[in-house]
Amino acid sequence: KTRLLDCMAKSCRHYKGCCRIVTAKTLQLALDKRWVKTRVQEVEEYQRLVKAADAAKAVNIVCEKLNLTGDFSAVDYLCQQMSETFKHKPLSSVTNEVLQAGRCLHNLTKEQQDCLTVFAQCVPLVKWLREEVKELR
């Protein structure tokens, strides 16, 4: 009954509503309804986590490049937890701690992530602007 996260996520990634279709079809087959709903929920949570992990990587790059300080523990935790080895774990390995870390970044869009990545590439410009603004004071 245990499926690998990556396998399930890849199966549903390209189809919107895939999890609802899977649920409907498997319920028609009279499989254990609670088990099916739990697995579908885990896959949907995992898909949200993958998006949040991508956002965490973008935020992490900006923090490192600009030596930002603050509480980025959720970003760090999510980056650590969503490593390549995580994808090969059972669906049930998604913990509440990982889900909570992902919730803080799940609304960051792909476009916003791309902006952060480009911004991180402009660190020399940002540093120059910081110095110039200091001199103007």
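For the structure, see preceding data.
So, a few notes on the structure that sits alongside this text. Source: prediction; values computed, not measured.

Attention now moves to the overall build of the chain. Check the secondary structure of the chain and you find seven helices and zero strands. Taking all 137 residues of the chain together, the buried fraction comes to 31%. Long-range pairs, those at least 24 residues apart, make up 71% of the contacts in the chain with a sequence separation of at least 6. Taken as a whole, the chain presents about 9,600 Å² of accessible surface, with 55% of it coming from carbon and sulfur.

What follows concerns the packing of helix α3 (residues 33-66) against helix α4 (residues 73-81). Angle between the axes and distance between the axes are the two parameters that describe a pair of packed helices. Here α3 crosses α4 at 120°, and the two axes come no closer than 9 Å. In terms of axis orientation, α3 runs oblique to α4. In terms of crossing hand, the pair formed by α3 and α4 is left-handed. Along its contact with α3, which presents Leu49, Ala52, Ala53, Ala56, Lys57, Val59 and Asn60, the element α4 presents Val75, Asp76, Leu78 and Cys79. When its residues are assigned to classes, the contact of α3 with α4 shows eight nonpolar, one polar and two charged.

Glancing now at the environment of Glu64. Here Glu64 shows up in helix α3. Between the C-alpha atom of Glu64 and that of Ala120, which follows or precedes it by 56 residues, the distance is 8.9 Å.

Direction vectors running N to C along α4 and helix α5 (residues 96-103) enclose 125°, while the axes themselves pass 9 Å from each other. With respect to α5, the axis of α4 lies oblique. Where α4 crosses over α5, the two elements pack in a sense that is left-handed. Here α4 contributes Ala74, Tyr77, Leu78 and Gln81 to the contact with α5, which in turn contributes Glu97, Val98, Ala101 and Gly102. Of the residues in the contact of α4 with α5, the class split is five nonpolar, two polar and one charged.

A positive phi is found at Asn67, a non-glycine position, where the angle reads about 50°. Using a relative accessible area of 60% as the deciding quantity, one classes Asn67 as exposed.

Definitions and limits used
Residues numbered from 1 in each chain as written. Predicted model: local features only at pLDDT ≥ 70, side-chain atom pairs only at ≥ 80, totals over all residues. Heavy atoms only, no water. Helix = DSSP H or I, 4+ residues; strand = E, 2+ residues; numbered from the N terminus. Buried < 20%, exposed > 50% of the residue type's maximum accessible area, 1.4 Å probe, protein only. Contact = heavy atoms within 4.5 Å. Areas by Shrake-Rupley, 256 points an atom, 1.4 Å probe, with all protein chains shown as cover. Axes fitted to C-alpha atoms, helices over the stretch in contact; angles between N-to-C directions. Parallel < 35°, antiparallel > 145°, perpendicular 65-115°, else oblique. Left-handed = near helix turned anticlockwise from the far one by under 90°. Nonpolar A, V, L, I, M, F, W, Y, C, P; charged D, E, K, R; others polar.

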